[in-house]
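# Report on the structure
Read off the chains here:
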Amino acid sequence: MLEESTREGFGRGLAEAGEADARVVALTGDLNDSTKVEAFAKKFPGRFVQAGIAEQNMVAMAAGLAIAGKVPFAASFGAFLPARCFDQIRVSVALSNLNVKLAATHCGVTTGEDGANAQMLEDIALMRSLPNFTVIAPCDGEEARKATVAAASIAGPMYLRLGRERVPHVSGNGAFTIGKAVTLHEGSDVAIIANGVEVAQALEAAKALAAKGVSARVINLHTIKPLDENTLVKAAAQCGCVVTAEEHQLQGGVGSAVAELLAERRPTPIEMVAVRSKFGESGKPAELLKKFGLDAKGIERAALRALARRK
C-alpha cells in the first residue's frame, strides 16, 4: 500500500494550486524542505517568501499579502505555527477574516524522536476556538493534496494540520469536500470517528472488532471545523455509541468537538482516545502511539468500553 506523509501531500497540492492560480504564494520560516514547500519555491521563486525564523512576522506578511489580493500559504512546524504566533493569527488573520492558509507540519506524537517540545498536541484546541477559521486534519498524503487544493479555491482563513510520518493511503479516490466527513467502513454497533494518522489505526481496530463480532463504522472526520453535524448525529443515532480518536490532547480536540455536538443534538455514550493531559516524549512513532493508547489496540479497547455503556 502506498505510504506518504501528509506534509508531502501538502507539498504536492501547493505546487498544483500554484499552477492553477497565479495568486497563490508561499511563505515559510527557514523550513523549505521540512514543510515540503521546496517544490513550490523552486517552481515559482517570484511567489515565494523566506521569512526566516520569525513566525510572528511571517503571519503578518501573509495577512498583508491576503489584503493585497494574494492567496498566501504560510507553513512551519506546529510547535511554531500556531504555538509561537497565536496572537498574530488571532488578531491579524481571524479577526479580519483574511484569506490566509496556515499549514502546520510535525504535529502529534508521530513527530517521533524530536521529543515533547516538538510534538504539538494543543493546536486543534487553539485553532478551532477562533471565529472564521476552518480546521482540517487530513488522514494521508493524497487527502492532504486534495485538502490543499481545496483550501486554495475557497476564501477565508484555514488551518491544515499535517504530520511528519509516512502513513498508508486509506482515504480512497473520491472527491474531497471541506466540511464533509467520509464513512470509510460501514458498521452498526459503534461509530469510530477519527482523523489524521488515527484513521488508519481506526480501520485496523474495526478489523479486530469484526473478528469479535462487533460491527464498527469508521468515519474520517478530516474537517474539525465546521463539523459535518448531520453525519455525526446520524452515526450516533444508528450505532448507539461513539469513539473518537485523535493524535492530540483530550481537552479541546476532536473528542471535545463531537461531545459538544452530541450533548446538544443526540446525547450518546462516548469514549475518547487522545493524549490525556501529558506532554509527548522521544521515541519511534509506533512506540509512542502505543504508549499513549492511540494505536489500533487502544481504539479497540475504547470501542468495547463504549459498547458496554450502550443502552
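Note that the structure is predicted; figures quoted are calculated from it, not measured.

All right, on to the layout of surface pockets then. In this model, the largest pocket occupies a volume close to 180 Å³. If you trace the largest pocket, you find it lined by Glu 3, Thr 110, Glu 165, Arg 166, Val 167, Pro 168, Val 197, Ala 200, Gln 201, Pro 285, Ala 286 and Leu 289. At the level of secondary structure, the elements contributing two or more residues to the lining of the largest pocket comprise β8 (167-168), α7 (198-211) and α10 (285-291). A class-by-class count of the residues in the lining of the largest pocket yields 7 nonpolar, 2 polar and 3 charged. Mapping the lining of the largest pocket onto the domain boundaries places at least three of its residues in each of domain 1 (2-168) and domain 2 (182-309).

Right, let's talk about helix α1 (residues 6-20) for a bit. Side chains three or four residues apart in an α-helix point the same way, a direct result of the helix having 3.6 residues per turn. With 15 residues, α1 extends 21 Å between its outermost C-alpha atoms, agreeing within 8% with the 21 Å of an ideal straight helix rising 1.5 Å per residue. Counting buried positions over the 15 residues of α1 gives 11, a clear majority of the element.

By domain assignment, the chain separates into domain 1 (2-168) and domain 2 (182-309). Here domain 1 and domain 2 have C-alpha centroids that lie 25 Å from each other. Tallying the contact residues gives 31 residues for domain 1 and 34 residues for domain 2. Across the domain 1/domain 2 interface, buried area totals approximately 2400 Å², and carbon plus sulfur atoms make up 57% of it. On the domain 1 side of the interface with domain 2, the three residues burying the most area are Val 109, Leu 121 and Arg 128, jointly 27% of the side's total. Across the pair Glu 260 and Arg 128 runs a salt bridge, and its minimum N-O distance is 2.9 Å. Counting residues per element, the ones that place at least two in the side of domain 1 that touches domain 2 are α5 (123-128), β6 (134-136) and β8. With 4 residues, α5 is the single largest residue contributor to the side of domain 1 that touches domain 2. Partitioning the side of domain 1 that touches domain 2 into residue classes produces 16 nonpolar, 8 polar and 7 charged.

With that settled, consider empty space enclosed by the protein. Per the counting criterion, the structure on display carries 2 cavities of 30 Å³ or more. Reported here for the largest cavity is a volume of approximately 170 Å³. If you trace the largest cavity, you find 20 residues lining it, with Pro 138, Gly 163, Gly 196, Val 197 and Glu 247 closest to the centre. Here the residues of the lining of the largest cavity are counted per class, giving 8 nonpolar, 7 polar and 5 charged. Both domains that meet at the lining of the largest cavity, namely domain 1 (2-168) and domain 2 (182-309), each give it at least three residues. Approximately 40 Å³ is the volume attributed to the second largest cavity.

Ranked by internal contacts, the top residues of the largest apolar core, which has 46 residues, are Ile 89, Leu 102, Met 127, Phe 133, Tyr 159, Val 242 and Val 258. Looking at this core, the elements with two or more residues in it are α3 (55-67), α4 (86-94), β5 (101-105), α5, β10 (190-194), α8 (229-239), α9 (254-265) and β14 (270-275). Among residues more than four places away in sequence, those in contact with Ile 89 are Val 59, Leu 81, Pro 82, Ala 94, Leu 102, Met 127, Leu 130 and Phe 133. If you look at the next biggest cluster of nonpolar residues, it comprises 32 residues, including Ala 205, Cys 241, Leu 294 and Ala 306.

Let's shift gears to the pairing of strand β4 (residues 71-77). Across the 7 residues of β4, 7 count as buried, placing the element largely inside the fold. Judged from the 5 bridges that link them, strand β2 (residues 24-28) and β4 form a sheet pairing that is parallel. Its bridge partner being in β4, Leu 27 is matched across the sheet by Ala 74. Looking at chain direction, β4 and β5 are connected through 5 bridges and run parallel. Its bridge partner lying in β5, Ser 76 is registered against Ala 104. You can see the chain leave β4, run along α4 and come back into β5, and the turn it takes is right-handed.

Thresholds applied
- Residues numbered from 1 in each chain as written.
- Predicted model: local features only at pLDDT ≥ 70, side-chain atom pairs only at ≥ 80, totals over all residues.
- Heavy atoms only, no water.
- 1 Å grid on protein atoms, 1.4 Å probe; cavity = no way out; pocket = protein on both sides within 12 Å on 5 of 7 lines; lining within 4 Å.
- Points joined across faces, edges and corners; volume = space filled by probe spheres on them.
- Helix = DSSP H or I, 4+ residues; strand = E, 2+ residues; numbered from the N terminus.
- Nonpolar A, V, L, I, M, F, W, Y, C, P; charged D, E, K, R; others polar.
- Domains from an automatic or database assignment.
- Expected span 1.5 Å × (residues − 1).
- Buried < 20%, exposed > 50% of the residue type's maximum accessible area, 1.4 Å probe, protein only.
- Contact = heavy atoms within 4.5 Å.
- Buried area = accessible area lost by both parts, 1.4 Å probe.
- Salt bridge = Lys/Arg side-chain N within 4 Å of Asp/Glu carboxyl O.
- Core = buried A, V, L, I, M, F, W, Y, C linked by side-chain atoms within 4.5 Å.
- Pairing = 2+ DSSP bridges.
- Right-handed = clockwise from strand over helix to strand, strands pointing away.

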